[in-house]
Amino acid sequence: MHRHQIVIVGGGLAGLRAAVEATSLGADCAVVSLVHPVRSHSGAAQGGINASLGNHPEGRDDNPDLHAFDTVKGSDYLGDQDAIRIMCQDAPGRIYEMEHWGTPFSRFDDGTIAQRALGGAGYPRACYGADKTGHYLLHTMFQQAIARGLTIYDEYYVQDLVVEGGACRGIVAYNLRRGTLEGFLGDAVIFATGGSGRVYGRSTSALINTGTGVGLAYQAGVPILDMEFVQFHPTTLYGTNILMTEGCRGEGGYLVNGQGERFMSKYAPNFMELAPRDLVARSIQTEINEGRGIEGKPYVDLDLRHLGEQVIEERLPGIRDICLHFAGIDPVETPIPIQPGQHYSMGGIDADYDGHTQLEGFFAAGECACVSVHGANRLGGNSLLETIVFGKRVGETAGKYVLGLEPRSEEIGSRAVADGVRALERRIEELTRRTSTEDPYEIRRLVTETMDDYVQVYRSGDGLERAVALLRELRERYPKVGVRATGLVFNLDVLRVLELERMLDVALAGAEGALAREESRGAHTRLDFPQRDDERWLQHTLAFWTPEGPRLDYKPVVIDQFEPQVRAY
Ligand SMILES: Cc1cc2nc3c(=O)[nH]c(=O)nc-3n(C[C@H](O)[C@H](O)[C@H](O)COP(=O)(O)OP(=O)(O)OC[C@H]3O[C@@H](n4cnc5c(N)ncnc54)[C@H](O)[C@@H]3O)c2cc1C
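Computed from a prediction, not measured in an experiment: that's the story for all the values here.

Cut-offs applied
The numbers attached to residues start from 1 for each chain and follow its sequence in the written order. Reporting in this predicted model follows two pLDDT cut-offs: at least 70 for local features of residues, and 80 or more for side-chain atom pairs to be given and counted; totals over whole chains, interfaces and linings ignore these cut-offs and use all residues. As a rule here, side-chain values cover all heavy atoms of the structure and leave hydrogens and water aside. Like-charged residues are merged into a patch within 9 Å and nonpolar side chains (Val, Leu, Ile, Met, Phe, Trp, Tyr) within 5 Å, provided each residue has over 30% relative accessible area and no salt bridge. Only the protein chains shown count as cover for residues, and the accessible areas themselves come from Shrake-Rupley with a 1.4 Å probe. One speaks of a salt bridge when a side-chain nitrogen belonging to Lys or Arg is within 4 Å of a carboxyl oxygen belonging to Asp or Glu. A run of H or I in DSSP becomes a helix once it reaches four residues, and a run of E becomes a strand once it reaches two; helices and strands are each numbered from the N terminus. Burial classes follow relative accessibility: with a 1.4 Å probe on protein chains only, a residue under 20% of its type's maximum area counts as buried, one over 50% as exposed, and anything between as partly exposed. DSSP bridges decide pairing: two strands pair if at least two such bridges lie between them. By the convention used here, residues are in contact when the closest approach between their heavy atoms is within 4.5 Å. Fitted lines through C-alpha atoms give the axes, limited to the stretch in contact for helices. The angle between two N-to-C directions lies from 0 to 180 degrees. Each residue after the first adds 1.5 Å to the expected span of a helix. Nitrogen and oxygen atoms within 3.5 Å of one another constitute a polar contact, given that in protein one can donate a hydrogen and the other can accept it, and given that sequence-neighbouring residues count only through two side-chain atoms. Throughout this description, the term nonpolar core refers to a set of buried Ala, Val, Leu, Ile, Met, Phe, Trp, Tyr and Cys residues connected via side-chain atoms within 4.5 Å. If a single non-hydrogen atom of a residue is within 4 Å of a molecule or strand, that residue counts as near it. Basically, the charged four are Asp, Glu, Lys and Arg, the nonpolar ten are Ala, Val, Leu, Ile, Met, Phe, Trp, Tyr, Cys and Pro, and anything else, Gly included, counts as polar. An angle below 35 degrees is treated as roughly parallel, one above 145 as roughly antiparallel, one from 65 to 115 as roughly perpendicular, and anything else as oblique. Rotating anticlockwise by less than a right angle from the far helix to the near helix defines a left-handed crossing, while the corresponding clockwise rotation defines a right-handed one. Think of a 1 Å grid over just the protein atoms. A cavity is a set of points where a 1.4 Å probe fits yet cannot get out, a pocket is an open set with protein on both sides within 12 Å along at least five of seven lines, and lining residues have an atom within 4 Å of a point. Grid points are joined across faces, edges and corners, and a volume is the space filled by probe spheres set on the points.

1. Structural notes on a nonpolar patch on the surface
A cluster of nonpolar side chains, namely V489, F490 and L492, defines an oily patch on the protein surface of about 270 Å² accessible area. Structurally, the position occupied by L492 is in helix α15 (residues 492–516).

Shown next, in the form of structure tokens:
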């Protein structure tokens, strides 16, 4: 059995930032990750990371208060304003820290960190490194983590959260490389497991982002928050749904329909292509649904041609590469075919801005957590920011927590973790022995199809009822699945079957939350309830796991600075 004071699950930006902080405080820390840390989805981030540095000539008087206001308004007033204020105030410090640690940000001619406009922001405040911002940040953070002697267990799939005596004691993981099941005992466990995007088929997320972390916490009794709020990115490449960063529009790209119109003038006359994502995604979807896609097909064009080759090469080289390799087109010469696709999970494990959850010894930060700084709609550039701001804070919280614990018997938790390992052994044995009557891949396909079809940009009561019924039926079929491949070394069949159980839970929590919420707010748009309803619904949705499905409850939003207003862009 492995023992560490702090066990961090997830090697993305949030997990590594937590590790940097906790190891700096002197805590013994390990990161357990399904993939090598630098392969985490954080590395795919393109467009930028927000901080009110005021470097841009058009944004000299930017400040954390203005950043907070844009974020609250962007969230359609569902974000918690105390947490948002912390994030915006901490932002410049965290960015300069990354700069000093060596992140190669793009620069203005005067040598300051370059900033570009992203949607829903009154000021150009996204710092970036070309269109590879996440890659640069993640590699920098990885170096900082290993320089502090962090222990890393990669290619481990965490499948169980061990709770004993009302506190979290550790985790159980499947070591894919060796084909063994291993227990980790920890005084504190931090989840930084990323988003749940892959419960959808059309998604920009990495294939590993299936929401296991969220599902594990949920099943262990920790409530999950606002799962109905899913961000659909307006511009994903038609056919593969690879992200075409908002930076494309930040640099001046146009959205054009099948009739050659820059249609955003109808929907957001002031902000045009740089309105917040929920609004732009709805606008594109409306154009497509009303037959104004390109040649009537389900996509419109993202036109960058007028930017010229030099700007595209300098600021959007990754986008050009992706277009050449995955669509066979050069954006210098041809508009990019795009459609909205799932992009980000606003909901997640209910956590406060210091990373506490409702379970003693269990903490969460990053995309798997809902703090909530994004509310009903996240602004571009605020998610990378969330990982480093709240990653640092959770590392500090957990570090102080373990260093402050009274010395206690080595026995505490060991039996529970060992029992967890044995239970997983039995479960996998049974899976391999069972003559399966259900195909797990078929069930997985149906989950993602159901989410794509009904829990999408536009939702309706009928559609959501259908989604809930379908997901409940799939959940009943799940116990009859088995695995075909034997042996445990890199048995991806086993991995997919284990993942599927959490995907079903996470998808159902989202669909049920969406069905219950009879209003339209941010990314949650109900055709049958088109208005925002602050009287009834200015509240967060909590989902508690039960064997029958989620039990929903609600809690108030923290509103202490900006009173809700009608959003206009
Ligand atoms: C294509 C793309 C582009 C983006 N661009 C931007 C942008 O420009 N600006 C912005 O602000 N945001 C952007 N985002 C969002 C942002 O990148 C993510 O929200 C953020 O990086 C998430 O970081 P994280 O550390 O929480 O999780 P991740 O980076 O997703 O890391 C999750 C980690 O958890 C591990 N893990 C998960 N489950 C398990 C398990 N069961 N067992 C073991 N390990 C597990 C994984 O191995 C991984 O290491 C983008 C997202 C995408 C998909």
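There's plenty left to go through after this.
2. What to know about the pairing of strand β14 (residues 336–345)
Burial within β14 is extensive, with 10 of its 10 residues counted as buried. Pairing of strand β11 (residues 230–237) with β14, which is carried by six bridges, proceeds in the antiparallel orientation. Counterpart to F232 in the pairing with β14 is Q342. For strand β13 (residues 300–303) and β14, the ladder comprises three bridges, and the chain directions are antiparallel. Across the sheet, L302 pairs through a bridge with I336, a residue of β14.

3. Considering the sheet that holds strand β15 (residues 348–350)
As summarised here, the arrangement of the five strands in space is β17-β15-β10-β20-β21, forming an open sheet in which the pairing is mixed. A strand with exactly one partner marks an edge of an open sheet, and here the two such strands are β17 (369–370) and β21 (551–556). Of the strand pairs in this sheet, strand β10 (residues 224–225) and β15 are connected by two bridges, and their pairing is antiparallel. Bridge pairing in β15 places L225 opposite G348. Strands in contact with α15 are β10, β20 (539–544) and β21; relative to β21, the strand with the most contacts, it is inclined by about 60 degrees.

4. Some remarks on helix α13 (residues 440–454)
Its 15 residues place the ends of α13 21 Å apart at the C-alpha level, agreeing with the 21 Å of an ideal helix rising 1.5 Å per residue. Close packing links the buried residues of α13 with α14 (461–477) and α15. You can read the cap of α13 off the contacts: a side-chain oxygen lies 2.9 Å from the backbone nitrogen of Y441, and it is on D439.

5. Description of the pattern of salt bridges
For the coordinates displayed, the defined rule picks out 52 salt bridges. The salt bridge involving D154 is made with R177; its shortest N-O contact spans 2.8 Å. One end of the pair, D154, is in strand β6 (residues 151–154); the other, R177, is in the loop between β8 (167–175) and β9 (180–191), and 23 residues separate them in sequence. Across the salt bridge formed by E499 and R496, the nearest N and O atoms sit 3.3 Å from each other. You can see E499 and its partner R496 sitting in helix α15, three residues apart, about one turn around the helix. Each member of the salt-bridge network shares a partner with another, and the members are D76, E228, D278, R282, R517, E519, R521, R532, D534 and R567.

6. Details of the sheet that holds β14
Spatially, β11-β14-β13-β12 is the arrangement adopted by the four strands of the open sheet, whose pairing is antiparallel. In the strand order of this sheet, the two ends are held by β11 and β12 (254–256), each with one partner. With strand direction ignored, the average angle separating the axes of adjacent strands in the sheet is 45 degrees.

7. Some remarks on the nonpolar core
Counting 77 residues, the largest nonpolar core has I171, F191, I349 and F362 as the members making the most contacts within it. Broken down by element, this core gets its largest block of residues, 14 residues, from α15. A18, A83, C127 and A523 belong to the second largest nonpolar core, which has 57 residues in total.

8. What about the side chain of E251?
On the secondary structure map, E251 appears in the loop between α6 (247–250) and β12. Contact partners of E251, with chain neighbours within four places excluded, come to R116, Y128, L307, R315 and L316.

9. Re the site of the ligand
Around the ligand sit 39 residues in total, of which S40, H41, S42, E367 and S383 are the nearest. Take L34: an N or O atom from its main chain is 2.9 Å from a nitrogen atom of the ligand. Separating an oxygen atom of the ligand from a side-chain N or O atom of S383 is a distance of 2.6 Å. Calculation on the ligand without its partners gives an accessible area of 1000 Å², and the protein chains cover 98% of this total. For the shell around the ligand, the secondary structure elements donating two or more residues are α1 (13–24), β2 (29–33), β7 (156–164), β14 and α11 (382–403). Looking at which element gives the most residues to the shell around the ligand, the answer is α11, with four residues. Here the shell around the ligand is built from residues that sort into 16 nonpolar, 21 polar and two charged.

10. Quick look at the packing of helix α12 (residues 414–433) against α15
α15 packs onto α12 with a crossing angle of 110 degrees between their chain directions and a minimal axis gap of 11 Å. Judged by the inter-axis angle, α12 sits roughly perpendicular to α15. Between α12 and α15 lies a crossing whose hand is right-handed. The segment α12 lies against α15, with R427, I428 and L431 engaging V494, V497, L498 and E501. When the residues that make up the contact of α12 with α15 are grouped by side-chain class, the tally is five nonpolar, no polar and two charged.

11. Quick word on unusual backbone geometry
In this chain, V371 is followed by S372 through a cis amide linkage whose omega measures 0 degrees. Relative to the helices and strands, S372 resides in the loop between β17 and α11. In the Ramachandran plot, Y77 falls in the positive-phi region, its phi being about 65 degrees despite a non-glycine side chain. Considering the arrangement of structural elements, one finds Y77 in the loop between α2 (64–74) and α3 (81–101). The exposure class assigned to Y77 is buried, which follows from its relative accessible area of 1%.

12. Things to note about empty space enclosed by the protein
For the structure on display, the rule yields two cavities of 30 Å³ or more. Quantified by volume, the largest cavity comes out at close to 110 Å³. For the lining of the largest cavity, the secondary structure elements donating two or more residues are β14 and α15. Within this model, the second largest cavity holds a volume of roughly 40 Å³. Together, F232, D278, A281, R282, V457, A523 and T525 line the second largest cavity. Among the residues forming the lining of the second largest cavity, the class breakdown is four nonpolar, one polar and two charged.

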